[in-house]
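# Descriptive structure summary
Chain by chain, the residues run as shown.
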Amino acid sequence: TLSLPQTGGKQRDWGGGLMAVYTSNFGGRFLNELRTYASRSQREANGFVTMPSGRVQIASVLEDGSQSVSTLQFGGNAGLPNAGKTNSIETTDEVSWLAGTHRFKLGGLANYSSFQQDVTFNRYGSFTYNSLADFENNTPSIYTRTLQPNVRTGQQLNAAVYLGDTWRATRQLQLTYGGRVEG
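Let us look at the structure shown here. (Residues numbered from 1 in each chain as written. Predicted model: local features only at pLDDT ≥ 70, side-chain atom pairs only at ≥ 80, totals over all residues. Heavy atoms only, no water.)

## Overview of the side chain of Asn82
Along the chain, Asn82 falls in strand β6 (residues 82–99). On the basis of relative accessible area, Asn82 is assigned to the buried category, the value being 17%. At a separation of 2.5 Å, a polar atom in the side chain of Asn82 contacts the side chain of Arg43. At a separation of 3.1 Å, a polar atom in the side chain of Asn82 contacts the main-chain carbonyl oxygen of Gly79. Other than its neighbours up to four places away in sequence, Asn82 contacts Arg43, Glu44, Ala45, Asp118 and Val119. (Helix = DSSP H or I, 4+ residues; strand = E, 2+ residues; numbered from the N terminus. Buried < 20%, exposed > 50% of the residue type's maximum accessible area, 1.4 Å probe, protein only. Polar contact = N/O pair within 3.5 Å; in protein donor to acceptor, adjacent residues only side chain to side chain. Contact = heavy atoms within 4.5 Å.)

Structure follows, in structure tokens:
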């Protein structure tokens, strides 16, 4: 397949996040840490030109008498434009009780994320010509186009609660154990 440069495109990606943490100590033996993190990412791809794509089949007779068929692509890119975005937010809270060589922890978290993807293929149409003569006479053998956008969306919510202990048996030995329930 031979392609002209304008059948390509460019893609732009960006994203970012923000975190806030609040830590407090009360009673001298209890610690609380609250964290929230939010993020967003986005992707956008566009063709160099906005127009239907085209393909022409070119048959050639080689020196040994055999025939070769190549396809020349021109016009827009059938896979572009497309776009997507993802959002998420997570909040955790953990309370620790300091008791001698133990640090007992009780915590929970909640996480929500969502996405949207526009992956509509062949949005502007595609012409296929069986020969250069068909192309010159503007008589395509096939024209296809996607009329209904293909947009996918989704979301999920996760939550968990955990209980644990960090025990410092000696200065060189520390054990951490606990349990967690997710849903």
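## Points about the pairing of strand β11 (residues 174–182)
Note: strand β10 (residues 151–168) against β11, nine bridges, orientation antiparallel. Note on β11: the bridge partner recorded for Leu163 is Gly179. What sits between the antiparallel neighbours β10 and β11 is a turn of five residues. (Pairing = 2+ DSSP bridges.)

## Considering the sheet that holds β10
Reading across the sheet, the six strands line up as β2-β3-β6-β7-β10-β11 and stay open at both edges, with antiparallel pairing between neighbours. In this open sheet, the two edge strands, each paired with only one partner strand, are β2 (9–26) and β11. Pairwise comparison of adjacent strand axes, ignoring direction, gives a mean angle of 15 degrees for this sheet. Bridging between strand β7 (residues 102–118) and β10 involves 17 bridges; their strand directions are antiparallel. (Axes fitted to C-alpha atoms, helices over the stretch in contact; angles between N-to-C directions.)

## Comments concerning the environment of Gly28
Along the polypeptide, Gly28 turns up in the loop between β2 and β3 (30–47). Gly28 gets classed as exposed once you look at its relative accessible area, which sits at 56%. On a C-alpha basis, the gap between Gly28 and Ser113 in space is 37 Å, while along the polypeptide they are 85 residues apart.

## As for the packing of aromatic side chains
Applying the stated rule across the entire model yields seven aromatic pairs. Measuring from ring centre to ring centre gives 4.6 Å for Phe127 and Tyr143, while their planes differ by 40 degrees; the resulting arrangement is tilted. Of this pair, Phe127 sits in strand β8 (residues 126–129) while Tyr143 sits in strand β9 (residues 142–144); the two residues are 16 residues apart in sequence, bridging distant segments of the chain. Since its relative accessible area comes to 27%, Phe127 is described here as partly exposed. Taken together, the aromatic side chains of Phe74, Phe127, Tyr129, Phe135 and Tyr143 make up a single cluster linked through ring pairs. (Phe/Tyr/Trp six-rings, centres within 6.5 Å; stacked < 30°, edge-to-face > 60°.)

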